[in-house]
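So you can see what is in the structure, the chains are spelled out below.
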Amino acid sequence: MTRADTLARARELDRPQLAYLVRFPTAHGTGETDLTWAQIDHDTAWIAGRLREHGLAAGRRAVLTASGFEGFWCHAMIGALRTLRVTYGIAEAMGWDHRRTAVFHRELAPQAMIGLSAETVEGLSGAADVGEMFRSTSVVLARPTAVPLLHAVGVSACVLAPLGPALAIECPERAGAHVDAAAWRIGERDGQLTVAAAEGRGSPLAETPLGVVGRVVTGRCGCGSDDPRVLFAEANQLSPARS
Ligand SMILES: [Zn+2]
C-alpha cells in the first residue's frame, strides 16, 4: 500500500550511478567493467543513430532477439527503439525460444529483425523456409555466426555483435560493423580482436584480448562515419580479397 510517508521516503532515495557490472568472455577468462546510467544514455543515442541509418523511424516495427544476460547492450537498444518510436517485440536469442521469434515475425510483420542468432535461425529452419520468411524483411541485423546461414538462403543480413562490453553494428554500406569510437578502442593483435575503454568512457578497461578472430578497418566509411569497423571471420567477412 502506498502511503504519504512511503512516498516521502522514496523521494530521499539516491539512484545509484552504476547500472550494470558487465562480465564478458575474454581470451583468458572473464573480463569485467562498470556500466553507468549515463553511459547507457550515451549508448542509447549512438544505437539510435545506427538504427536511423537503417531506416528505422516512428511507425516501423522490429523484433529484437537477445538473451537475458545481454541487458548491458539490450537496455540501450530498447531505449533506442523507444527514442525512434519503433514498435518492438522481444524474444530470447537461445534456440529454444525460436517459436516466439516466428510468432512475433508473423504477427508484427516487422521491417527489422535485430540480433538474430545462429541458434534461432537453426531452430526456425526445422519448421519454416527461413529464406522465404526474412527475404522481405528490409533490415536483418544478425550475429556473426547467423550471417552465413542467412546469406545461404538469400537473406541479405548485416552484422550485429556484442564485442566484449561493446556493441558492433554494421551500416547499410556492409563494410564492417561499426563500434562507437567515443566509448571504445577496438584493436587487433595476432589476428584477434581486442577492446579497451576510450578515454572519455569514464569506466576504465585496459586493452583486453577477446579471443575473437577479426580485423579492424579504420578510415571514413561510405556512410560518413569515422567509427572503426570490425570484420568477423565467423561472418565470412574476411575473404582472401579483403585480408
Ligand atoms: Zn558505415
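Here's what I pulled together on the structure shown here. If you're wondering where the values come from, they're calculated on a predicted model, not measured in any experiment.

## Quick look at the layout of surface pockets
Then comes step 1: There is about 670 Å³ of room inside the largest pocket.
Then comes step 2: Every residue lining the largest pocket is counted, 28 residues in all, and those nearest its centre are Pro25, Phe69, Glu70, Arg143 and Pro162.
Then comes step 3: For the lining of the largest pocket, the secondary-structure elements that each account for two or more residues are β1 (18-26), α3 (71-83), α5 (118-125), β7 (158-163) and β12 (208-217).
Then comes step 4: Looking at the lining of the largest pocket, the element that brings in the most residues is β1, giving six residues.
Then comes step 5: Here the lining of the largest pocket is composed, by residue class, of 18 nonpolar, five polar and five charged.

## What to know about the nonpolar core
Then comes step 1: Judged by nonpolar contacts, the single largest core of 65 residues is most densely connected at Leu51, Met77, Ile114, Phe134, Leu150 and Phe232.
Then comes step 2: Considering each element in turn, this core owes the most residues, eight residues, to α3.
Then comes step 3: Setting aside anything within four residues of it in sequence, one finds Ile114 in contact with Leu51, Leu56, Ala62, Val63, Leu64, Thr65, Met77, Leu81, Leu141 and Leu160.

## Some details on the packing of aromatic side chains
Then comes step 1: The full count for this structure, using the stated rule, is zero aromatic pairs.
Then comes step 2: Geometry around Trp46 places Arg50 over its ring, the cationic atom sitting 5.1 Å from the centre.

## Focus: the pairing of strand β6 (residues 139-142)
Then comes step 1: Burial along β6 is two-sided: Val139 and Leu141 and Val140 and Ala142, pointing in opposite directions, are all buried.
Then comes step 2: Across four bridges, strand β5 (residues 112-116) lies against β6 in parallel orientation. When the bridges of β6 are listed, Leu116 appears paired with Ala142.
Then comes step 3: Pairing geometry for β6 and β7, over two bridges, is parallel. Paired with Leu141 across the strands is Cys158, a residue of β7.
Then comes step 4: Regarding topology, helix α7 (residues 147-152) serves as the crossover connection from β6 to the parallel β7, and that connection is right-handed.

Scoring rules and cut-offs
Residues numbered from 1 in each chain as written. Predicted model: local features only at pLDDT ≥ 70, side-chain atom pairs only at ≥ 80, totals over all residues. Heavy atoms only, no water. 1 Å grid on protein atoms, 1.4 Å probe; cavity = no way out; pocket = protein on both sides within 12 Å on 5 of 7 lines; lining within 4 Å. Points joined across faces, edges and corners; volume = space filled by probe spheres on them. Helix = DSSP H or I, 4+ residues; strand = E, 2+ residues; numbered from the N terminus. Nonpolar A, V, L, I, M, F, W, Y, C, P; charged D, E, K, R; others polar. Core = buried A, V, L, I, M, F, W, Y, C linked by side-chain atoms within 4.5 Å. Buried < 20%, exposed > 50% of the residue type's maximum accessible area, 1.4 Å probe, protein only. Contact = heavy atoms within 4.5 Å. Phe/Tyr/Trp six-rings, centres within 6.5 Å; stacked < 30°, edge-to-face > 60°. Lys NZ or Arg CZ within 6 Å of the ring centre and 35° of its normal. Pairing = 2+ DSSP bridges. Right-handed = clockwise from strand over helix to strand, strands pointing away.

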